[in-house]
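# Architecture and fold: a report
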Amino acid sequence: MRILIAKEGLTFDQAVEAVRASTIFTTHTPVPAGIDVFDGELIERYFSNFAKELDVPLAEMMALGQTVPSVPGTYNMAIQGLKLAGRSNGVSKLHGHVSRSMFAELWPDVPVDEVPITSITNGVHTPTWVGPEIAELLDRYLAPGWAESGGGDWKRLNEAPDSELWRARERARERFISFVREQLQGELRERGTSEADLGWTSDALDPGILTVGFARRFAIYKRGTLLLSDVERLEQLLHSSDHPVQFVFAGKSHPLDDGGKEMIRQLVHFSSDPAHRTRFVFLEDYDMETARMMVQGVDVWLNNPRRPLEASGTSGMKAALNGALNCSVLDGWWDEGYDGINGWTIGTRDISTDPEYQDRVDASALFDLLEREITPRFYDRSEGPIPRRWIERVRASIIGLGPFVGAQRMVRDYTEMFYVPSAEHGARMAAGGFARAKSLAAWKEKIRSAWDEVAVIDVEGDVLAADVGENRSVRATVQVGSLDTEDVTVQLAHGRVGANGELLEPEIVAMQATECTNGTCNYSAEFTARSAGLYGFAVRVTPTHEDLVTDMDLGLVAWA
Ligand SMILES: *Cc1c(COP(=O)(O)O)cnc(C)c1O
């Protein structure tokens, strides 16, 4: 923007329009601590000269990082992102939904579902995360070049016999266990443990036992110690004679997050108890190498955040590519990735307002799953040495999730939804000495100053409950004041009526202007009720312009 103002002679508002057209903002977390918010005095100190240089009042610049403009206040980088980007997204469907509510204040008159923040679900770079054992299978059964191409038809993996899939899983688990033993020895030697006291590490983990992995940043909302909330049930799993489970944990916390550090301390404490140190391991120095070994070697990938605070999560995607089954709260990507057979969900989508109660419910649901669903399936060898029912899920998980979790899909989504339209939009706004950026800035100015004149004065229509499928017509009188009918779009929203009189998932129909006199226009439309029962409609007016990404952009809507 500064370059455009200094070199192209644009005003601040024109530069905003030129930049917004080709700018994308991806919001990354619903957790407030994850968003940079600066003290307004810092902005004042370091950006006052900058504002002067741009010939813009500091307050106006400051307002880019604020919901309600104030000086000095605070400066929120996510708000700046949303205000300066023409296109914004969250990183999973659920996170898009959460972000629309979280930032709804920025578009005050707009229904939450129509807040202009969409979603593109994260993905992971397949060749980086697939282990050699599964890669060998993909080489054999998927289209050549699967690592670069995205794999084509993953159903081809149905041709791989159970025995091959199981052998790959077993070899990956064995390789992982050797890695864990070496890591433990390295960690203990570093701490000055004598060779004699290292002996137990060669028995750490058992290659024949169901192995569960959990590795992530230790942020409070990720609940890294959920399993420790019922040590008795945990110990029963560790020491079960017929269905034992072993766990590997890893992760770091933010240096300032004392809660996260405390969770690590509890896990390390539990894992160093000689009674179960060979079945419950904490690996230090979580990094990409450790992550790679874990997602490739475990049978189950555990994820138990407080819903809906996990924006996407990607480690479970890495695990899925390797045939590890996800056992996760319906949060982040798993809320849309879970299909009933490709893993397990801890609890439901109903979340209590009391987080501690929710923690107890989720811990209990997790133990239930491990005891009643996961271990019996893993150890079911009723049809020979291969756990057929387990492999069935592994296969469903790789085939169903492989094409979805790969970065190929994500990059395609960004390209089609964002990069291409943004690049074209930016070029269009810049052409002819930024002619369109200039006229859009002027048009917005006109709309903002005249919007008070816009109102829906009268609505006539059949308000009685109509039969499903019956046509109804609605007429509205709309005052556009000094604006032209081309500046606005008048719409009819219709749908079932909720408990508070609100429209549930309304359908939107454009209304046509029939005649105008002195800034007052008649509009009409017809609609057909889609369901029986209480059914309602509303009329609304929004500004419209061909260079807006969406009519909701300005957050101005006049309702009746
Ligand atoms: C994948 C990965 C993450 C992110 O995992 P989440 O599922 O988002 O918690 C963090 N750290 C490392 C080293 C990773 O490989």
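Scope of this entry: the structure provided in the associated data block. Just so you know, these numbers come straight off a predicted model, no measurement behind them. (Residues numbered from 1 in each chain as written. Predicted model: local features only at pLDDT ≥ 70, side-chain atom pairs only at ≥ 80, totals over all residues. Heavy atoms only, no water.)

### Observations concerning the environment of Glu546
This is how it is decided: By the criteria applied, helices consist of DSSP H or I runs no shorter than four residues and strands consist of E runs no shorter than two, each listed in order from the N terminus. Note on contacts: a residue pair qualifies if any of its non-hydrogen atoms lie within 4.5 Å across the two residues.
Here Glu546 lies in the loop between strand S18 (535-543) and strand S19 (558-559). As for Glu546 and Asp487, which are separated by 59 residues in sequence, their C-alpha atoms are 9.8 Å apart. Once residues within four sequence positions are removed from consideration, Glu546 is found in contact with Arg428 and Arg436.

### Here we look at the site of the ligand
Inclusion rule: Note on terminology: near, applied to a residue and a molecule or strand, indicates that one of the residue's heavy atoms is within 4 Å of it. Polar contacts, as counted here, are pairs of nitrogen or oxygen atoms within 3.5 Å of one another; within protein the pair requires one atom able to donate a hydrogen and one able to accept it, and residues that are adjacent in sequence qualify only if both atoms are side-chain atoms. In these tables, accessible area is a Shrake-Rupley quantity obtained with a 1.4 Å probe, and a residue counts as shielded only by the protein chains included in the view. Three categories are distinguished: nonpolar for Ala, Val, Leu, Ile, Met, Phe, Trp, Tyr, Cys and Pro, charged for Asp, Glu, Lys and Arg, and polar for the others, with Gly belonging to the last.
Residues in contact with the ligand, as listed here, are Trp129, Arg216, Lys222, Tyr286, Asp287, Met288, Ala291, Gly313, Thr314, Ser315 and Lys318. Note that an oxygen atom of the ligand is positioned 3.1 Å from one of the backbone N or O atoms of Thr314. Contact distances for the ligand include 2.6 Å between an oxygen atom and a side-chain N or O atom of Lys318. Alone, the ligand offers 390 Å² of accessible surface; in the complex the protein occludes 78% of this. Those elements giving two or more residues to the shell around the ligand turn out to be helix H13 (288-297) and helix H14 (315-321). For the shell around the ligand, a count of residues per class yields four nonpolar, three polar and four charged.

### Concerning the sheet that holds strand S1 (residues 24-26)
Rules: Paired strands, in this sense, are two strands between which DSSP finds at least two bridges. The convention used is that axes are lines fitted to C-alpha atoms, helices contributing only their stretch in contact, and that angles between N-to-C directions extend from 0 to 180 degrees.
An order of S1-S4-S5 is seen for the three strands of this open sheet, with the pairing classed as parallel. Looking at the sheet topology across the chains shown, the edges are occupied by S1 and strand S5 (118-119). In terms of strand pairing, strand S4 (residues 87-90) meets S5 through two bridges, oriented parallel. Bridge assignment links Gly90 to a residue of S5, and that residue is Ser119. In this fold helix H18 (residues 407-450) packs onto S1, S4 and S5, with an angle of close to 160 degrees to the strand it touches most, S4.

### A closer look at the side chain of Thr126
Mapped onto the elements, Thr126 comes out in helix H7 (residues 126-129). In this structure Thr126 touches Trp146, Leu321 and Gly406, once residues within four positions along its chain are discounted.

### Describing the environment of Ile117
Test applied: Summary of the burial criterion: residues with accessible area below 20% of their type's maximum are buried, those above 50% are exposed, and those between are partly exposed, where the area comes from a 1.4 Å probe applied to protein chains only.
Looking at the secondary structure, you find Ile117 in the loop between helix H6 (93-102) and S5. Relative accessible area serves as the criterion here: at 2%, Ile117 is assigned to the buried category. Residues Ile117 and Asn322 lie 205 residues apart in sequence; the distance between their C-alpha atoms is 32 Å. Filtering out sequence-adjacent residues up to four positions away, Ile117 remains in contact with Leu82, Ser88, Asn89, Gly90, Ser99, Arg100, Phe103 and Trp107.

### Regarding the environment of Thr193
Tracing the backbone through its elements, the reader meets Thr193 in the loop between helix H10 (162-190) and strand S6 (210-215). Considering only alpha carbons, one finds Thr193 and Lys155, 38 residues apart in sequence, at a separation of 50 Å. For Thr193, the side chain forms a polar contact with the main-chain oxygen of Leu188, separated by 2.9 Å.

### As for the sheet that holds strand S15 (residues 503-510)
If you trace the four strands from one edge of the open sheet to the other, you get S15-S14-S18-S19, paired in antiparallel fashion. Strand pairing shows two members of the sheet lacking a second neighbour, S15 and S19, which therefore form its edges.

### With respect to the nonpolar core
To be explicit about the condition: As used in this record, nonpolar core signifies buried Ala, Val, Leu, Ile, Met, Phe, Trp, Tyr and Cys residues forming a set joined through side-chain atoms within 4.5 Å.
Within the largest apolar cluster, 90 residues are counted, with the highest numbers of intra-cluster contacts made by Phe247, Phe280, Cys327, Ile374 and Trp390. Per element, the largest residue contribution to this core is nine residues, and it comes from H10. Leave out the neighbours within four places in its chain, and Trp390 touches Trp166, Leu210, Asp299, Val300, Leu325, Trp344, Ile374, Arg377 and Phe378. Grouped together as the second largest cluster of nonpolar side chains are 50 residues, Val16, Val454, Tyr535 and Phe537 included.

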